[in-house]
Amino acid sequence: MDIRPLTESYAVAPQLEPADMAALAAQGVTTIICNRPDPEITPDLHAAQMQAAAEAAGLDFVFNPIVGGAMTMANVEEQADAIAGADGPVVAYCASGNRSSIVWALTQAGQLPTDEILAATRAAGYMLDGMRPQIDALAADPRG
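Owing to the predicted nature of the structure, the values given are computational and were not obtained by experimental measurement.

Enquirer: What exactly am I supposed to notice about the pairing of strand β4 (residues 60-63) here?
Expert: A regular strand places its side chains so that they alternate between the two faces of the sheet. In this sheet, β4 lies alongside strand β3 (residues 31-34) in parallel orientation, the contact comprising four bridges. Its bridge partner lying in β4, I32 is registered against F61. With respect to chirality, the unit in which β3 leads through helix α2 (residues 47-56) into the neighbouring parallel β4 is right-handed.

Enquirer: Whenever I open this one, the environment of A86 confuses me. Can you help?
Expert: Within the secondary structure layout, A86 lies in the loop between α3 (73-85) and β5 (90-93). Measuring from C-alpha to C-alpha, the distance between A86 and T30 comes to 6.9 Å, with 56 residues separating the pair along the chain. For A86, the contacting residues outside a window of four places in its chain are T30 and T31.

Enquirer: Sorry if this is basic, but what is going on with the packing of helix α5 (residues 114-123) against helix α6 (residues 132-140) here?
Expert: Two quantities define a packed helix pair, namely the angle between the axes and the distance from one axis to the other. Where α5 meets α6, the axes come as close as 10 Å, and the angle between the chain directions of the two elements is 135 degrees. On the basis of their axis angle, the class for α5 and α6 is oblique. Regarding α5 and α6, the two cross each other, and that crossing is right-handed. Note on element contacts: α6 touches α5 through R132, I135 and D136, opposite T114, D115, I117 and L118. For the contact of α5 with α6, a count of residues per class yields three nonpolar, one polar and three charged.

Enquirer: What exactly am I supposed to notice about the side chain of N35 here?
Expert: When you line up the elements, N35 lands in the loop between β3 and α2. Take N35: its relative accessible area is 0%, and that puts it in the buried class. Within the local environment of N35, its side chain forms a polar contact with the side chain of Q79, the two groups lying 2.8 Å apart. Filtering out sequence-adjacent residues up to four positions away, N35 remains in contact with N64, P65, I66, Q79, A92, Y93, C94, R99, S100 and V103.

Parameters at a glance
Residues numbered from 1 in each chain as written. Predicted model: local features only at pLDDT ≥ 70, side-chain atom pairs only at ≥ 80, totals over all residues. Heavy atoms only, no water. Pairing = 2+ DSSP bridges. Helix = DSSP H or I, 4+ residues; strand = E, 2+ residues; numbered from the N terminus. Right-handed = clockwise from strand over helix to strand, strands pointing away. Contact = heavy atoms within 4.5 Å. Axes fitted to C-alpha atoms, helices over the stretch in contact; angles between N-to-C directions. Parallel < 35°, antiparallel > 145°, perpendicular 65-115°, else oblique. Left-handed = near helix turned anticlockwise from the far one by under 90°. Nonpolar A, V, L, I, M, F, W, Y, C, P; charged D, E, K, R; others polar. Buried < 20%, exposed > 50% of the residue type's maximum accessible area, 1.4 Å probe, protein only. Polar contact = N/O pair within 3.5 Å; in protein donor to acceptor, adjacent residues only side chain to side chain.

Right, dumping it as structure tokens:
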């Protein structure tokens, strides 16, 4: 398990496995967000299996699939709602953690300075500097 914190309460990860859920719960995580669409993965890692494992470990589970290169404002809004509704730390995952970091960056537009957003993703190994114009534009017009 490769958990990469972006803040004290939000981290991203490459693909998790059902067996990871108990360990995440033991670490204090309360919510798992799956940003990986089912067609990308084998059936044993589909959202329904991951949700069952998360809930068995006492975790909340949100399925917000993001197709690579086709993120929508609905994805950003759903991620923001899931983060805001969490009772504690959140771990979001996809194939590499990149989509989960991008959607987080967009949820933070206008909430945190762009430099802080990009520093957080960079520290976790996700170089999103090319997204600065999008983050700034979203901060200026949150309706997207």
